[in-house]
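# Breakdown of the fold
For reference, the chains in residue letters:
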Amino acid sequence: MSENNFSRRKFLAGAAAVGAAGAMGVGTLSSCSTGGSSSGAAGNYDYEKRELNHPPLRDTAPDGQELKAGIIGCGGRGSGAAMNFIDAGPNLTVVALGDVFQDRVDDLQHKLNEQKGVEVADENCFVGFDAYQKVIDAGVDVIILATPPKFRPEQFEAAVKARKHVFMEKPVASDPVGIRQVIAASKMADSLGLKVVTGTQRRHQHKYINLLNEVNNNAIGEIVSADVYWNGGQLWYRTNQPDWSEMEWMIRDWVNWCWLSGDHIVEQHVHNIDVAYWYMGKHPIKALGFGSRQRRVTGDQYDNFAVDLVLDDGRKVLSTCRQINGCTNGVYELFHGTKAMATSSQGGTARIFDAQGNDISTFEDHETSPYVQEHIDLVTCIRENIPINEAETTAISTMVAIMGRVSAYTGKEVTFEEMMNSDLKLGPDTYIMGDIGYIENAEVPVPGTKDR
Amino acid sequence: MRKKIGNFLRKRLLLVLIIGFAIGLLFTIYTNKALEYTSTNESCAMCHVHPHVFDSWKLSDHYDTESGVRIGCVECHLPPKGEGYLPEKIEAAARDIYGLVFKDSADYNWEQKSTLEYAKKHVFKASCVGCHENLFPLTLTKEGQDAHLYYTQNEEELRCINCHLHVGHYDPNALHAVNVEFGSTGGAPEDVFTEPAEVITHEDYTETVPNTTISFNMKAIPGGTFAIGSPEDEQFRDPDEGPQKQVQVSPFFMAEIEVTWDEFLAFYSATAAEGRSTDTEGSRTEDGVDAISGPTPPYGQPDQNWGLGDRPAITMSYHAAETYCKWLSQVTGKTYRLPTEAEWEFAARGGTQTPYFFEGRPKDFTEKGFLGSLFGGTSDVIDNYVVYQANSEAKTQEPDVVEPNPYGLKNMLGNALEYCSDWYAEDAYEQLSDGATNPKGPATGEEHVVRGGSFKSPAGEVRSAERDYTRTEEWLKTDPQMPKSMWWLSDANNISFRVVCEFDEKTGKK
């Protein structure tokens, strides 16, 4: 499956036809130029330029009818996303909040009032596992999903079925059953013309887009392989508190529990895996991974992975990620081209450099934060009715990360097809805020078997 | 004179144009009318005299739709306009008129024409997706989402009717769901066998399966040496049937008939697993449980609604067939297993080295059609022994409709394909050494050998030497479950198997 899903392909074909008609309209029939590249030695071998479809990237969203957002998941990222949404342009507000914890809802209600002057009425603040549905039904236009990823598929589908535009955080699920639910709901969103942005903010970052445009102009030749890294320190964890139930502890400590986060290769490293998918234009179809748990304190996850990912044409992506303090770190992507190399990271300068290490071109950040930019793009697309739906693309990137995780957990080679047809579903079947006997049965996976 | 007319025409150019336009317009309108008229349901009904077609249409989802729109014949049975509508219409009309004039509708096998294989020829995917533009409507169920997602990933290989075969013509027996009730007879059986058959010499016996009402005949197959494969000049021979090698086979027992539904269901009810086994993380490393865990419930109707009883059990996977043998061995205390390819062919030949174990050349039975009837081709002999394309009515038949071969075995050459334990290789006989004893085929492979033709096979493919192999992916293409069943095949309705029992110390070998 290519990055351009069925509906987007249709849209692109339509756009191309309109473009062609426009060109003929201004009388350029005699010009047979097909839009040569702006740099690089075009035509010295068969370099095939891809059709890229970037978000609009305005400095601010255009004005329009007020858009009311509902926030589902009011922790750190949900609070951040709420602020980013309001900052994206005029006439944007938040009118409903939902979370499983009262303190989280209270905090964000307070923060919105204090920092943005936005008052969310008490009757629009909901607590519990069913809070998401109440937020969706609270008269909102846009839903922001920022709970732990396990809950995303169900909430995304509910939002789409209620015909809401959606901003949702990556990753979009923690297991294959959830991924399929997201892709199906994404196709429904397409048919309803809903706009969906997914928190893979590098795709809304000027530096990444400018670098990709150059790469697509044949600046480094064909991409031969890629290395993608998220090697950093320990993230965070919560120790159990006497008044917390088992479920409360797991959710407050969610980045350490595989069923909730998908493990850190999915939860965090999906960003870099997504960049490889984006830049190379297709996703890996096979994974062979290693990983282990060395220093993580709580939960049942690993804290390091190294995965060899293979594309259908045999090209490879090396993916490594780690959450251990005191090691050498790096969070970036590196693309090996037939002519030169390209490297990118969220902070710092993106570069194209030659085999001697000399910079050929460099790319700097734009003043707009990518976390705000993604909301500017969402609002722009809603108000100007520009198609945008990143759900399926991010679902595929998430699935690649899940494929890497399953391979490392089992020690076996795992294919994308296997994952797409897998009934793997993590976590408890029903959600109760209480002691559910999950932790006593939780095990850190050990690959392979003891016997020969 | 000519000049005059020319002048007249020039002066009345406008008139001429208008008249021409009018004629053209009328022509267009009437052609279109004719097309429309011949595309109404009533006009279809004039030729399509088979009675069930309109009744079943009126009971179908496409007649009584939620929105009240009624879907007519040509909307499914012709491609959309501009996508081959006219050529197909002309072809279909020609076919129908020929049928109406020269044939009797009672001679048609309408049941066969309703099967997926035939439906593919007269239902057009472009027509389905022409109306059903949105494969992900908000009302789609969870199962529907998964199934349509699978479709979008395999659009080229799949047709809508792979799953939605009965939307245009209702079939009360069709089931599109997990078939939890399959094979249950309700109530406990009365006279169950308590002991398995005791076998002390290499002679025919009747196995009795303890705790069931099931018994079946086993034939003692003598050991011997024979030439496996076919000579190069055999009609319809495929390259994988050679080169011929001399092969020695030790004595064994073989079931008289293909495993029946009654037999297979005894296994199913004794071992059926409620839960599903998956190949993903967690359960991947689990292995080796003492009790035999048998099939999960099938999806849909494994017997194709042809009936159970003595008809061969079909659509089980190789794994299911193998597990059946393990279970049968456990409950009878003997060594039951699938035959090797050499054992199978030795038994099928029954001491003969000719294309069939009965008289006749393959071409005698294949020229039966138009030319055959002119030149006196006959199918009498083959009809006595083989259920195949020409006489099967497109389904499996009960074993008593045929005569046995010289070893007393029925349906070796037809009715249903049979699994063998060998891995398939096109050059398997190349690899075989002359004079080999009890060869077991290549050490590894991807697909297993299947032998004997089926009710779908033409006469050329029910020869004793004919070889074929499993198609793991193709045979599971449309299973909508995730993961796909490891027990039941969604897309192979002609595969069965037959057990052999080893002649060893448990069966009287000294």
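The structure displayed is predicted, hence computed values, not measured ones.

### Examining the overall build of chain B
Within chain B, the regular secondary structure consists of 17 helices and twelve strands. Structurally, chain B occupies a C-alpha span of about 115 × 60 × 40 Å along its principal axes. For chain B, the proportion of its 510 residues judged to be buried stands at 44%. Excluding contacts between residues fewer than 6 apart, the proportion of contacts in chain B whose partners are at least 24 apart in sequence is 72%. In chain B, the 46 positive side-chain charges and the 79 negative ones have mean positions that sit 13 Å from each other.

### Comments concerning the overall build of chain A
If you tally the helices and strands in chain A, you get 14 helices and 15 strands. A compact globule built from 452 residues would reach a C-alpha radius of gyration of about 22 Å, and chain A, at 22 Å, matches this within 12%. Projected onto the principal axes, the alpha-carbon positions of chain A cover approximately 75 × 65 × 40 Å. Residues counted as buried form 56% of the 452 residues belonging to chain A. Within chain A, contacts between residues at least 6 apart in sequence are counted, and of these 75% link residues at least 24 apart. Here chain A has roughly 18,400 Å² of accessible surface; of this, 49% comes from carbon and sulfur atoms. Mean positive and mean negative side-chain charge positions of chain A (42 and 59 charges, respectively) differ by 4 Å.

### What about a nonpolar patch on the surface?
All names here are of chain B. A contiguous nonpolar surface patch, about 530 Å² in accessible area, is contributed by F21, L25, L26, I29 and Y30. Structurally, the position occupied by L26 is in helix α2 (residues 13-37). With a relative accessible area of 47%, L26 lands in the partly exposed category.

### What about the side chain of S261 of chain A?
Residue and element names in this part refer to chain A. Mapped onto the secondary structure, S261 falls in helix α9 (residues 258-261). We classify S261 as buried; its relative accessible area is 0%. Among the polar contacts listed, one links the side chain of S261 to the backbone nitrogen of D263, at a separation of 2.9 Å. Residues in contact with S261, not counting those within four places in the same chain, are P149, P171, S174, W254, V255, V266, E267 and Q301.

### Looking at the packing of aromatic side chains
One pass over the full model with this rule turns up 46 aromatic pairs over all chains. For the ring pair Y229 of chain A and Y332 of chain A, a centre distance of 4.8 Å and an interplane angle of 50° mean the geometry is tilted. Here the residue Y229 of chain A occupies a position in strand β7 (residues 223-232), and Y332 of chain A occupies one in strand β11 (residues 330-337), the gap between them amounting to 103 residues. Residue classification places Y229 of chain A among the buried positions, given a relative accessible area of 15%. Classification of Y332 of chain A by relative accessible area gives partly exposed; the value is 32%. Centre to centre, the rings of F358 of chain B and F365 of chain B are 6.1 Å apart; their planes meet at 55°, and the pair counts as tilted. Like F365 of chain B, F358 of chain B is buried. An aromatic cluster is present here, built from F182, W261, F264, F267, Y268, Y324, W327, W488 and F497 of chain B joined pairwise through their rings. The positively charged end of R351 of chain A is found above the aromatic ring belonging to F353 of chain A, 4.8 Å away from the centroid.

### So, a negative patch on the surface
Negative charge collects at one region of the surface, where D106, D107, D122 and E123 of chain A lie side by side. Summarising the element assignment, D122 of chain A is placed in the loop between α3 (102-116) and β3 (125-127).

### A closer look at the pattern of salt bridges
Side chains that differ in charge, positive against negative, can pair when their charged atoms come close. Taken as a whole and assessed by the stated rule, the structure comprises 39 salt bridges over all chains. Note that D313 of chain A is salt-bridged to K282 of chain A, the shortest N-O span being 3.2 Å. Linking D313 of chain A in the loop between β9 (304-310) and β10 (316-323) with K282 of chain A in the loop between α11 (270-280) and β8 (286-292), this pair joins segments that are 31 residues apart in sequence. Classification of K282 of chain A as partly exposed rests on a relative accessible area of 26%. Of the charged contacts, one joins E473 of chain B and K477 of chain B as a salt bridge, the two residues approaching to 3.7 Å between their closest N and O atoms. Classification of E473 of chain B by relative accessible area gives exposed; the value is 57%. Relative accessible area serves as the criterion here: at 13%, K477 of chain B is assigned to the buried category. Overlapping salt bridges bring together E341, E345, R349, R451 and R467 of chain B as one network.

### Let's talk about the sheet that holds strand β4 (residues 245-249) of chain B
Residue and element names in this part refer to chain B. The mixed open sheet is built from three strands, whose spatial order is β3-β4-β8. Of all the strands in the sheet, just β3 (224-228) and β8 (436-437) have a single pairing partner and so form its edges. With respect to the sheet, helix α13 (residues 341-349) is in contact with β3 and β4, its orientation differing from that of β3 by roughly 95°.

### Here we look at the confidence of the model for chain A
Should the pLDDT be low somewhere, the predicted coordinates at that spot are not to be read in detail. When pLDDT is averaged across chain A, the result is 91; 90% of the residues are at 70 or more. Considering only residues more than four positions removed or in separate chains, one finds that residues 1-44 of chain A, a stretch of pLDDT under 50, has 44 contacts.

### Points about the pairing of strand β4 (residues 142-145) of chain A
Residues and elements named next belong to chain A. Residues V142 and I144 of β4 are buried on one face, and the alternating residues I143 and L145, pointing to the opposite face, are buried as well. Sheet topology places strand β1 (residues 67-72) next to β4; four bridges connect them, and they run parallel. In the sheet register, G70 faces β4, and the bridge partner there is I143. With four bridges joining them, β4 and strand β5 (residues 165-168) adopt parallel strand pairing. Within β5, the residue paired with L145 across the bridge is M168. Between the parallel pair β4 and β5, the chain is carried across by helix α5 (residues 152-161), and the sense of this crossover is right-handed.

### Thoughts on the interface of chain B and chain A
Taken together, the contacts link 20 residues of chain B with 30 residues of chain A. Of the roughly 2,300 Å² buried between chain B and chain A, counting both surfaces, carbon and sulfur atoms make up 58%. Applying the counting criterion to the chain B and chain A interface returns one salt bridge. On inspection of chain B and its partner chain A, the count reaches three residue pairs in polar contact (both at pLDDT 80 or more).

### Some details on helix α6 (residues 176-192) of chain A
Residues and elements named next belong to chain A. For α6, spanning 17 residues, the distance from its first C-alpha to its last is 24 Å, which sits close to the expected 24 Å at 1.5 Å a residue. Across the 17 residues that make up α6, a large majority, 14, are buried. Directly beyond the C-terminal end of α6, a positive phi value near 75° is found at G193.

### Looking at helix α12 (residues 318-332) of chain B
Residue and element names in this part refer to chain B. Between its first and last C-alpha atoms α12 spans 21 Å; for 15 residues at 1.5 Å apiece the expected length is 21 Å, and the two agree. Residues of α12 that are buried sit in contact with β1 (205-208), β2 (215-221), α11 (261-271), β6 (336-337), β7 (417-423) and β9 (448-451). In the stretch just after α12, G333 is the one whose phi turns positive, near 70°.

### Things to note about the pairing of β9 of chain A
In summary, the side chains of a regular strand alternate between the two faces of the sheet. Residue and element names in this part refer to chain A. Within β9, five of the seven residues are buried, leaving the element largely enclosed by the surrounding structure. As defined by bridge partners, β8 adjoins β9 across seven bridges and the pair is classed as antiparallel. Bridging from a neighbouring strand, S292 pairs with N304 of β9. Pairing geometry for β9 and β10, over seven bridges, is antiparallel. Looking across to β10, one finds that D308 is bridged to L318. Between β9 and the antiparallel strand that follows it, β10, lie five residues; G314 among them carries a positive phi value of about 95°.

Cut-offs used in this document
Residues numbered from 1 in each chain as written. Chains lettered and ligands numbered in written order. Predicted model: local features only at pLDDT ≥ 70, side-chain atom pairs only at ≥ 80, totals over all residues. Heavy atoms only, no water. Helix = DSSP H or I, 4+ residues; strand = E, 2+ residues; numbered from the N terminus. Buried < 20%, exposed > 50% of the residue type's maximum accessible area, 1.4 Å probe, protein only. Contact = heavy atoms within 4.5 Å. Lys, Arg positive; Asp, Glu negative; His and termini not counted. Charge placed at Lys NZ, Arg CZ, Asp CG, Glu CD. Rg over C-alpha atoms; globule rule 2.2 N^0.38 Å. Areas by Shrake-Rupley, 256 points an atom, 1.4 Å probe, with all protein chains shown as cover. Patch = residues over 30% accessible without salt bridge, like charges linked within 9 Å, V, L, I, M, F, W, Y side chains within 5 Å. Salt bridge = Lys/Arg side-chain N within 4 Å of Asp/Glu carboxyl O. Polar contact = N/O pair within 3.5 Å; in protein donor to acceptor, adjacent residues only side chain to side chain. Phe/Tyr/Trp six-rings, centres within 6.5 Å; stacked < 30°, edge-to-face > 60°. Lys NZ or Arg CZ within 6 Å of the ring centre and 35° of its normal. Pairing = 2+ DSSP bridges. Axes fitted to C-alpha atoms, helices over the stretch in contact; angles between N-to-C directions. pLDDT = per-residue confidence, 0-100. Right-handed = clockwise from strand over helix to strand, strands pointing away. Buried area = accessible area lost by both parts, 1.4 Å probe. Expected span 1.5 Å × (residues − 1).

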